[in-house]
Amino acid sequence: MNVRSNRIAAACAGMLIAPALVAVPAVADSGDGAPQLRKTTCETVTVEPAAFCRSSKRNVTQVTYYDKGDEINILDRYNNNRWTKAIVHVKGHSKKKFSSKGKKHRVVAGHYPEDRSIRVKVCTSWTKKAKCSGWSRYFAT
(Lines give C-alpha, C1' and ligand atoms only; values in the text may rest on other atoms or scores of the structure.)
Protein backbone atom coordinates (compact mmCIF):
# COMPACT_ATOMS: atom_id res chain seq x y z
CA MET A 1 0.00 0.00 0.00
CA ASN A 2 1.45 3.37 -0.92
CA VAL A 3 1.53 6.50 1.26
CA ARG A 4 -1.51 8.05 -0.43
CA SER A 5 -3.58 4.87 0.13
CA ASN A 6 -2.53 4.79 3.79
CA ARG A 7 -3.64 8.40 4.27
CA ILE A 8 -6.98 7.77 2.58
CA ALA A 9 -7.60 4.62 4.64
CA ALA A 10 -6.71 6.43 7.88
CA ALA A 11 -8.96 9.37 7.00
CA CYS A 12 -11.86 7.08 6.10
CA ALA A 13 -11.47 5.03 9.26
CA GLY A 14 -11.55 8.18 11.38
CA MET A 15 -14.66 9.49 9.61
CA LEU A 16 -16.34 6.11 9.74
CA ILE A 17 -16.14 5.50 13.47
CA ALA A 18 -16.76 9.08 14.65
CA PRO A 19 -20.59 9.02 14.37
CA ALA A 20 -20.83 5.72 16.24
CA LEU A 21 -18.72 6.96 19.12
CA VAL A 22 -21.07 9.89 19.61
CA ALA A 23 -24.17 7.73 19.41
CA VAL A 24 -23.12 4.85 21.69
CA PRO A 25 -22.93 4.94 25.48
CA ALA A 26 -19.54 4.33 27.06
CA VAL A 27 -18.41 0.85 28.01
CA ALA A 28 -18.88 0.00 31.67
CA ASP A 29 -15.78 -0.06 33.85
CA SER A 30 -15.47 -2.96 36.29
CA GLY A 31 -13.41 -0.86 38.71
CA ASP A 32 -10.15 -2.77 38.15
CA GLY A 33 -9.39 -0.88 34.93
CA ALA A 34 -10.56 -3.67 32.61
CA PRO A 35 -13.71 -2.86 30.64
CA GLN A 36 -16.57 -5.30 30.93
CA LEU A 37 -17.80 -6.77 27.69
CA ARG A 38 -21.45 -6.12 27.16
CA LYS A 39 -23.94 -7.96 25.10
CA THR A 40 -23.76 -6.94 21.45
CA THR A 41 -26.02 -4.00 20.68
CA CYS A 42 -26.90 -2.83 17.20
CA GLU A 43 -28.17 0.64 16.39
CA THR A 44 -28.50 3.21 13.65
CA VAL A 45 -26.99 6.69 13.52
CA THR A 46 -29.53 9.49 13.18
CA VAL A 47 -27.38 12.12 11.42
CA GLU A 48 -26.39 10.11 8.34
CA PRO A 49 -27.10 6.77 6.68
CA ALA A 50 -25.07 4.63 9.07
CA ALA A 51 -25.56 1.63 11.35
CA PHE A 52 -23.31 -0.28 13.73
CA CYS A 53 -23.06 -3.24 16.10
CA ARG A 54 -20.71 -3.34 19.07
CA SER A 55 -20.05 -5.12 22.33
CA SER A 56 -17.15 -2.97 23.54
CA LYS A 57 -15.23 0.13 22.56
CA ARG A 58 -12.96 -1.85 20.22
CA ASN A 59 -15.32 -4.65 19.17
CA VAL A 60 -17.39 -2.87 16.52
CA THR A 61 -18.68 -3.25 12.98
CA GLN A 62 -20.21 -0.41 11.02
CA VAL A 63 -21.50 0.65 7.60
CA THR A 64 -21.77 4.28 6.46
CA TYR A 65 -22.91 5.74 3.16
CA TYR A 66 -21.23 8.97 2.01
CA ASP A 67 -23.07 10.93 -0.67
CA LYS A 68 -19.87 12.76 -1.62
CA GLY A 69 -18.10 10.19 -3.74
CA ASP A 70 -21.09 7.84 -3.58
CA GLU A 71 -19.20 5.45 -1.27
CA ILE A 72 -20.14 2.73 1.15
CA ASN A 73 -17.61 2.42 3.98
CA ILE A 74 -17.51 -0.86 5.87
CA LEU A 75 -15.64 -1.09 9.16
CA ASP A 76 -15.03 -4.61 10.48
CA ARG A 77 -13.41 -4.60 13.88
CA TYR A 78 -15.80 -7.14 15.32
CA ASN A 79 -13.72 -9.98 16.73
CA ASN A 80 -15.69 -13.00 15.54
CA ASN A 81 -13.47 -14.25 12.67
CA ARG A 82 -16.30 -13.65 10.21
CA TRP A 83 -16.89 -11.05 7.52
CA THR A 84 -19.25 -8.15 8.20
CA LYS A 85 -22.39 -7.94 6.05
CA ALA A 86 -23.56 -4.50 4.93
CA ILE A 87 -26.88 -3.97 3.16
CA VAL A 88 -27.70 -0.82 1.18
CA HIS A 89 -31.19 -0.03 -0.09
CA VAL A 90 -31.93 2.75 -2.56
CA LYS A 91 -35.65 3.56 -2.58
CA GLY A 92 -37.18 2.18 -5.76
CA HIS A 93 -34.27 -0.24 -6.36
CA SER A 94 -33.27 -3.64 -5.00
CA LYS A 95 -31.14 -4.09 -1.90
CA LYS A 96 -27.43 -4.70 -2.41
CA LYS A 97 -25.34 -6.75 0.01
CA PHE A 98 -21.66 -6.09 0.55
CA SER A 99 -18.99 -7.85 2.58
CA SER A 100 -15.94 -6.61 4.44
CA LYS A 101 -14.05 -9.40 2.61
CA GLY A 102 -11.85 -9.94 5.66
CA LYS A 103 -10.56 -6.36 5.69
CA LYS A 104 -10.74 -4.06 8.72
CA HIS A 105 -11.84 -1.17 6.46
CA ARG A 106 -13.31 -1.46 2.99
CA VAL A 107 -14.62 1.26 0.67
CA VAL A 108 -17.06 0.30 -2.08
CA ALA A 109 -18.07 2.63 -4.93
CA GLY A 110 -21.86 2.89 -4.99
CA HIS A 111 -22.84 4.48 -8.33
CA TYR A 112 -26.39 5.19 -7.20
CA PRO A 113 -28.88 7.38 -9.09
CA GLU A 114 -29.27 10.99 -7.92
CA ASP A 115 -32.39 12.27 -6.19
CA ARG A 116 -33.09 8.97 -4.46
CA SER A 117 -33.29 8.11 -0.80
CA ILE A 118 -30.89 5.59 0.70
CA ARG A 119 -30.76 3.56 3.92
CA VAL A 120 -28.28 1.04 5.35
CA LYS A 121 -28.13 -1.93 7.69
CA VAL A 122 -25.17 -3.91 9.12
CA CYS A 123 -24.76 -7.44 10.50
CA THR A 124 -21.88 -8.91 12.50
CA SER A 125 -21.59 -11.76 9.96
CA TRP A 126 -23.41 -13.60 7.18
CA THR A 127 -24.63 -16.43 9.43
CA LYS A 128 -28.23 -16.92 10.58
CA LYS A 129 -27.19 -16.21 14.19
CA ALA A 130 -25.57 -12.85 13.34
CA LYS A 131 -26.66 -9.73 15.20
CA CYS A 132 -28.05 -7.06 12.85
CA SER A 133 -28.96 -3.42 13.23
CA GLY A 134 -32.29 -2.13 12.11
CA TRP A 135 -32.50 -0.03 8.98
CA SER A 136 -31.27 3.54 9.21
CA ARG A 137 -33.87 6.10 8.22
CA TYR A 138 -33.92 7.11 4.56
CA PHE A 139 -31.55 9.94 3.60
CA ALA A 140 -31.83 11.87 0.31
CA THR A 141 -28.82 11.62 -1.99
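These figures come from a predicted structure and were not determined experimentally. (Residues numbered from 1 in each chain as written. Predicted model: local features only at pLDDT ≥ 70, side-chain atom pairs only at ≥ 80, totals over all residues. Heavy atoms only, no water.)

1. A look at the overall build of the protein
- Helix and strand counts for the protein come out as one helix and nine strands.
- Put simply, the protein runs from its N terminus to its C terminus through helices and strands in the order α-β-β-β-β-β-β-β-β-β.
- A sequence separation of at least 24 residues applies to 53% of the contacts in the protein between residues at least 6 apart.
- Put simply, the protein shows about 8400 Å² of open surface, and 52% of that area lies on carbon and sulfur atoms. (Helix = DSSP H or I, 4+ residues; strand = E, 2+ residues; numbered from the N terminus. Contact = heavy atoms within 4.5 Å. Areas by Shrake-Rupley, 256 points an atom, 1.4 Å probe, with all protein chains shown as cover.)

2. Here's the deal with the state of the cysteines
- The final tally for this structure, using the stated rule, is two disulfides.
- Two residues share a disulfide in this structure: cysteine 42 and cysteine 53, whose sulfurs sit 2.1 Å from each other. Disulfide cysteine 42 to cysteine 53: torsion about the S-S bond roughly 115°, handedness right-handed. Here the residue cysteine 42 occupies a position in strand β1 (residues 41-45), and cysteine 53 occupies one in strand β2 (residues 50-54), the gap between them amounting to 11 residues.
- The exposure class of cysteine 42 is partly exposed, given its relative accessible area of 24%.
- Shown here for the protein is a disulfide pattern of 1-2, 3-4, where each number marks a bonded cysteine counted in sequence order. (Disulfide = S-S within 2.5 Å. Buried < 20%, exposed > 50% of the residue type's maximum accessible area, 1.4 Å probe, protein only.)

3. Points about the sheet that holds strand β6 (residues 95-99)
- On the basis of which strands lie adjacent, the open sheet formed by four strands has the order β6-β5-β8-β9 and antiparallel pairing. Edge strands, defined here as strands with exactly one partner in the open sheet, are β6 and β9 (139-140).
- Pairing analysis gives six bridges linking strand β5 (residues 85-90) to strand β8 (residues 117-123), with the strands arranged antiparallel. If you follow alanine 86 over to β8, its bridge partner there is valine 122. (Pairing = 2+ DSSP bridges.)

4. Thoughts on the confidence of the model for the protein
- Averaged over the protein, the pLDDT score is 80; the fraction of residues at 70 or greater is 73%.
- Considering each helix and strand of the protein separately, the mean pLDDT is smallest for helix α1 (residues 3-23), with a value of 44, and largest for β2, with 96.
- When the criterion is pLDDT under 50, residues 1-36 qualifies, and its contacts beyond four places in sequence or with other chains add up to 40 contacts. (pLDDT = per-residue confidence, 0-100.)

5. Some thoughts on the packing of aromatic side chains
- Under the defined criterion, the tally for this structure stands at zero aromatic pairs.
- For the cation-ring pair, arginine 119 lies above tryptophan 135, with the distance from its terminal atom to the ring centre recorded as 4.2 Å.
- Geometry around phenylalanine 139 places arginine 137 over its ring, the cationic atom sitting 4.0 Å from the centre. (Phe/Tyr/Trp six-rings, centres within 6.5 Å; stacked < 30°, edge-to-face > 60°. Lys NZ or Arg CZ within 6 Å of the ring centre and 35° of its normal.)

6. Comments concerning the sheet that holds β1
- An order of β1-β2-β3-β4-β7 is seen for the five strands of this open sheet, with the pairing classed as antiparallel. Whereas interior strands pair on both sides, the edge strands pair on one side only; in this sheet they are β1 and β7 (105-109). With direction set aside, neighbouring strand axes in the sheet form an average angle of 15°.
- Bridge count between β2 and strand β3 (residues 60-66): five bridges; the pairing is antiparallel. Bridge pairing in β3 links cysteine 53 to threonine 61. (Axes fitted to C-alpha atoms, helices over the stretch in contact; angles between N-to-C directions.)

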